[in-house]
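Each chain, written out:
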Amino acid sequence: MNKPVQNRQSENADPHEQYNPVPRVVILVILALLAWAVYYIVSAQPNSSPRLGDQRPLAVLAPAPASASADGKQLYANACVACHQATGQGLPGVFPPLADSEWVKGEPKVLAQLVLHGINGPITVKGQQYQGAMPAFAEQFSDAELAAVFNFIRHEWGNEAEALTPELVAEARAASAERTQPWQGEQELQDWIAAQ
């Protein structure tokens with residue numbers, strides 16, 4: 001007795017493309033947008049009177065003076081926060097803190113010189129010595145911008161110190177105008193201040 005052979009399909013049917021047209025609604029929307037774009041370009045009058053534009057007076061559109069626009073917190077965030085941190089605590093053993101720092105709350109001329117020219121070498125902050133390199137900011141910031149940064153750090157994180165003016169920063173900048181190198185440690189800076 002022979003068993004009947006069952007006819008099994010071992011392969012799937014070959015794929016074929018189906019006709020799937022773009023829906024008419026999509027075509028109508030595209031045509032409507034194209035018609036509107038052509039109408040807009042044709043009807044626009046790019047050479048019309050400029051008086052029809054912005055009606056604000058020039059005084060309103062003029063940029064604010066540099067002293068009024070100096071934001072100490074923003075300048076600190078852009079230039080200082082990577083080392084001294086947003087909390088002003090610095091990084092222990094690497095970057096000194098600004099919070100409750102004798103350098104920040106102390107003599108304004110010393111702080112100005114420190115920031116204007118930077119420092120390479122030992123500096124003691126809150127009893128701990130740091131061996132670091134602080135860049136100079138004399139070329140990056142104006143007197144008003146430096147005064148804004150100083151006032152921010154001298155009144156932030158519990159610091160309470162008198163405000164600095166751009167004029168004081170300008171005096172500090174002029175007093176050490178010939179200096180081109182960073183201070184070589186706190187001792188050189190203190191010696192220079194004492195000689196003034």
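Residues numbered from 1 in each chain as written. Predicted model: local features only at pLDDT ≥ 70, side-chain atom pairs only at ≥ 80, totals over all residues. Heavy atoms only, no water.

Asker: How should the overall build of the protein be read in this particular structure?
Answerer: Looking only at helices and strands, one finds 10 helices and two strands in the protein. Going from N to C terminus, the protein has its helices and strands arranged as α-α-α-α-α-α-α-β-β-α-α-α. Pairs at least 24 apart in sequence give 56% of the contacts found in the protein among residues at least 6 apart. About 14,100 Å² of surface is accessible on the protein, with carbon and sulfur atoms providing 57% of the total. (Helix = DSSP H or I, 4+ residues; strand = E, 2+ residues; numbered from the N terminus. Contact = heavy atoms within 4.5 Å. Areas by Shrake-Rupley, 256 points an atom, 1.4 Å probe, with all protein chains shown as cover.)

Asker: Can you help me understand the packing of helix H7 (residues 108–117) against helix H8 (residues 143–154) in this one?
Answerer: Two packed helices can be described by the angle between their axes and the distance between those axes. Look at H7 against H8: their axes get within 11 Å of each other, and the N-to-C directions meet at 120°. The angle between H7 and H8 falls in the class oblique. Between H7 and H8 lies a crossing of right-handed hand. Where H7 approaches H8, its residues Pro 108, Leu 111, Ala 112, Val 115 and Leu 116 are matched on the opposing element by Leu 146, Phe 150, Ile 153 and Arg 154. When its residues are assigned to classes, the contact of H7 with H8 shows eight nonpolar, no polar and one charged. (Axes fitted to C-alpha atoms, helices over the stretch in contact; angles between N-to-C directions. Parallel < 35°, antiparallel > 145°, perpendicular 65-115°, else oblique. Left-handed = near helix turned anticlockwise from the far one by under 90°. Nonpolar A, V, L, I, M, F, W, Y, C, P; charged D, E, K, R; others polar.)

Asker: Before we go on, may I ask you to explain the confidence of the model for the protein in this structure?
Answerer: Low-pLDDT stretches of the model should not have their predicted coordinates read in fine detail. For the protein, mean pLDDT is 80; residues scoring 70 or higher make up 85% of the total. Model confidence for the protein, summarised as mean pLDDT per element, is weakest for helix H3 (residues 66–69) at 50 and strongest for helix H1 (residues 24–43) at 93. (pLDDT = per-residue confidence, 0-100.)

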